[in-house]
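Structural overview for review
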Amino acid sequence: MIPILKNTQLFAGVKDEDIASMLNCLNASLKTYQRGYYVYRQGESFSDVAILIEGKLHIQRDDYWGNSNILSAVEAGELFGEAYAAPDGGAMLHNVIAVEDSEVLFLDITRILTACSSACRYHTAVIQNLFFAISGKNRQLVRKLGHMSRRTTREKLMSYLSEESKRQNSPSFAIPFNRQQLSDFLSVDRSALSRELCKMRDDGLIRFEKNRFTLIQR
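Residues numbered from 1 in each chain as written. Predicted model: local features only at pLDDT ≥ 70, side-chain atom pairs only at ≥ 80, totals over all residues. Heavy atoms only, no water.

Here we look at the pattern of salt bridges
Defined as follows: Every case where a carboxyl oxygen of Asp or Glu lies within 4 Å of a side-chain nitrogen of Lys or Arg is listed as a salt bridge.
This model, assessed by the stated rule, comprises 7 salt bridges. When salt bridges with common partners are traced through the structure, they connect Arg 154, Glu 196 and Asp 203 into a single cluster.

Overview of the sheet that holds strand β9 (residues 172–174)
Heads up, the condition is: Two strands qualify as a pair provided DSSP detects at least 2 bridges between them. Put simply, DSSP marks the helices as runs of H or I at least four residues long and the strands as runs of E at least two long, and each gets a number from the N terminus on. Axis angles are defined between N-to-C directions and span 0 to 180 degrees, where every axis is a line fitted to C-alpha atoms and, for a helix, only to the segment in contact.
Read from one edge to the other, the open sheet built from 3 strands follows the order β9-β11-β10, with strand pairing classed as antiparallel. Looking at strand neighbours, the two that pair on one side only are β9 and β10 (206–209), the edges of this open sheet. With strand direction ignored, the average angle separating the axes of adjacent strands in the sheet is 20°. Two strands pair when backbone bridges link them, and β9 and strand β11 (residues 212–215) are joined in this way by 3 bridges, in the antiparallel orientation.

Points about the sheet that holds strand β5 (residues 68–75)
In space, the 4 strands of this open sheet follow the order β2-β7-β4-β5, with antiparallel pairing throughout. Here the strands that pair on one side only, and so sit at the sheet edges, are β2 (38–40) and β5. Within this sheet the neighbouring strands show an average axis-to-axis angle of 30°, counted without direction. Bridge count between β2 and strand β7 (residues 95–98): 2 bridges; the pairing is antiparallel.

Things to note about the packing of aromatic side chains
Put simply, the rule reads: Here a Phe, Tyr or Trp ring, Trp counted by its six-membered ring, pairs with any other such ring whose centre lies within 6.5 Å, and the pair is stacked when the planes are under 30 degrees apart, edge-to-face when over 60, and tilted otherwise. Cation placement over rings: the criterion is NZ of Lys or CZ of Arg within 6 Å of the ring centroid and within 35° of the ring normal.
Applying the stated criterion to the full structure yields 9 aromatic pairs. Taken together, Tyr 40, Phe 46, Phe 80 and Phe 106 form an aromatic cluster joined through their ring pairs. Residue placement shows Lys 31 over the ring face of Phe 106; its charged tip is 5.4 Å from the ring centre.

Pasting the structure below:
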């Protein structure tokens, strides 16, 4: 697990041996979840931040009738749950669901934010990294709001695909969603989304196969 943690944002700049000792300090616990199982449910309260070690998760909001709106996908090595882990963070507003068999590492937020008696050398760096991670999540939310503010399905798709192309620094890239998940993420009808993708392909704007896309300049 250490090779994965050293590449996470939370433990950036921390040496392997220091990560190992800090896991005890931060009251770390590892849990496994089968595909389809909930890591967190809407309405729950908790005091941990979590890192996905293996697998894939979706953070989503479900209404009374079972309609889902995917807010984000969590990939291996990413942090989640930090917005609700503070003592006054309130109850969870979303569900966190394993879309693949997954392993999650939980860390006590109180232990992270409080200097320990053993004075870990890198504890201050971890606190700073947590702040930077929260700032990064806020930027992700702003980007999603930018996609959602577009009026038409095509405009939402072009906004999202353009952003992914820039983020991955390539006109050809893979996205973390299938068609249903992408329609949930952009809050559009799946049939309308599929039709619009085909129209965009016919108009010479994109090529795609499953979740892999190539943007084409006219």
